[in-house]
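# Results of the structural survey
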Amino acid sequence: MKLIINGEQQEVEAGTLAALLTALDYEGDWLATALNGDLVSRGERARTVLNDGDRIEILAPKQGG
Amino acid sequence: MLTLYGTELSSRLLLGTARYPSPAIMEEAIRASGAQIVTVSLRRETAGGGRGGQFFEVIRSLGVHVLPNTAGCHTAKEAVLTARMARDLFATDWVKLEVIGHHDTLQPDVFALVEAAQELCADGFKVFPYTTADLVVAEKLLEAGCEVLMPWASPIGSARGLVDPASLVSMRGHFPDVPLIVDAGLGRPSHAAQAMELGYDAVLLNTAVAGAADPVAMARAFASAIDAGHAGYHAGLLEPRDMAVPSTPVIGKAVFA
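As a starting point, this report considers the structure included with it.

Thresholds applied
- Residues numbered from 1 in each chain as written.
- Chains lettered and ligands numbered in written order.
- Predicted model: local features only at pLDDT ≥ 70, side-chain atom pairs only at ≥ 80, totals over all residues.
- Heavy atoms only, no water.
- Buried < 20%, exposed > 50% of the residue type's maximum accessible area, 1.4 Å probe, protein only.
- Helix = DSSP H or I, 4+ residues; strand = E, 2+ residues; numbered from the N terminus.
- Contact = heavy atoms within 4.5 Å.
- Buried area = accessible area lost by both parts, 1.4 Å probe.
- Salt bridge = Lys/Arg side-chain N within 4 Å of Asp/Glu carboxyl O.
- Polar contact = N/O pair within 3.5 Å; in protein donor to acceptor, adjacent residues only side chain to side chain.
- Arc of directions from axis to C-beta.

Residue and element names in this part refer to chain B. Taken together, the buried positions of helix α7 (residues 189-197) are occupied by His191, Ala192, Ala193, Ala195 and Met196. Looking at the packing, one finds that the buried side of α7 touches β9 (181-183), β10 (202-205) and α9 (215-235). Of the residues trailing α7, Gly199 is marked for its positive phi of about 95 degrees.

It is worth spelling out the interface of chain A and chain B at this point. Counting residues at the interface gives 27 residues for chain A, matched by 31 residues for chain B. Between chain A and chain B, the buried area comes to about 2400 Å², and carbon and sulfur atoms account for 60% of it. Broken down residue by residue, the surface that chain A buries against chain B is led by A:Trp30, A:Lys62 and A:Gly65, which jointly contribute 29%. Linking chain A with chain B are two salt bridges. One can count 19 residue pairs in polar contact (both at pLDDT 80 or more) joining chain A with chain B.

Moving on, we get to unusual backbone geometry. Residues and elements named next belong to chain B. Here Arg19, not a glycine, exhibits a phi torsion of approximately 70 degrees, which is positive. The residue Arg19 is located in the loop between β3 (13-16) and α1 (23-33) in this model. For Arg19, a relative accessible area of 64% puts it in the exposed group. Notably, Leu106 is not glycine yet its phi reads approximately 55 degrees, a positive angle.

On to α1(B). All names here are of chain B. Listing the buried residues of α1 in full gives Met26, Ala29, Ile30, Ala32 and Ser33. Here the buried residues of α1 occupy an arc of 165 degrees about the axis, which is enough to place them on one side. The exposed set on the far side of α1, more than 90 degrees from its buried face, consists of Pro23, Ala24 and Arg31. Positive backbone phi, at 75 degrees, marks Gly34, one or two positions downstream of α1.

If you want it as structure tokens, here you go:
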């Protein structure tokens, strides 16, 4: 299915947001996710079903002022 | 002691974590500054990457409070979502709320700032709003539920210091019981001392330390300046006078002619 991940369109097969993170080799606990402009907390990822055209943001801690 | 949202702190310096020459220098500068609160951000993570986690492990090892920011957000909606993602990731309800209104000055969009603060405070966040020294905006932020205000000194990263001290004095006078933190625009330790001499409770800075030739030494210098300014304010500063006042007593002076 076509997904927009961090602003880039990609063709990935993943049933849930948790499966998507695994499919794309995201590692570790230090990630925050949003789907179509809403937070998906870490506990909700495994039951968050993805659909064609979904917009996903995957963020991590970075330096900031 | 400084108390922010019920948390007692002995340091009055909040330090950013960006733009250091290396992670090791960042770590050493944070330690040298004595800062107990450091700001961090959230940015897109590349697939297969893990650098964000590595960076955050360093911060965690320092045992400091983390204050996630919403830097770069230009709308209330973006800022609110970023804050919620930060709360999920960092497990803190603290957020440095920035909603930028102007590309060149990085001036806060105070209308969107108040809107976002209302939504986040209602959702249980402890909001540290990056704002201007406008008293009406400050009132609205307090009404929204903010218990701390962070007016700018001058544009972010400009190193210009306190360009409008009169407004900061006015803000201090109007809100004697609200913790006030000067955030943004400080370039040198004397700027931080000046803010503290106005009765501000703390300062937040980043570039002035990270961009110094020796960030670790500069972190120490800022910490000293903040302590000196704070102590000076509470010791009771002498008001400026128009004419000279002799410091040596005149009475008892010998008359030689």
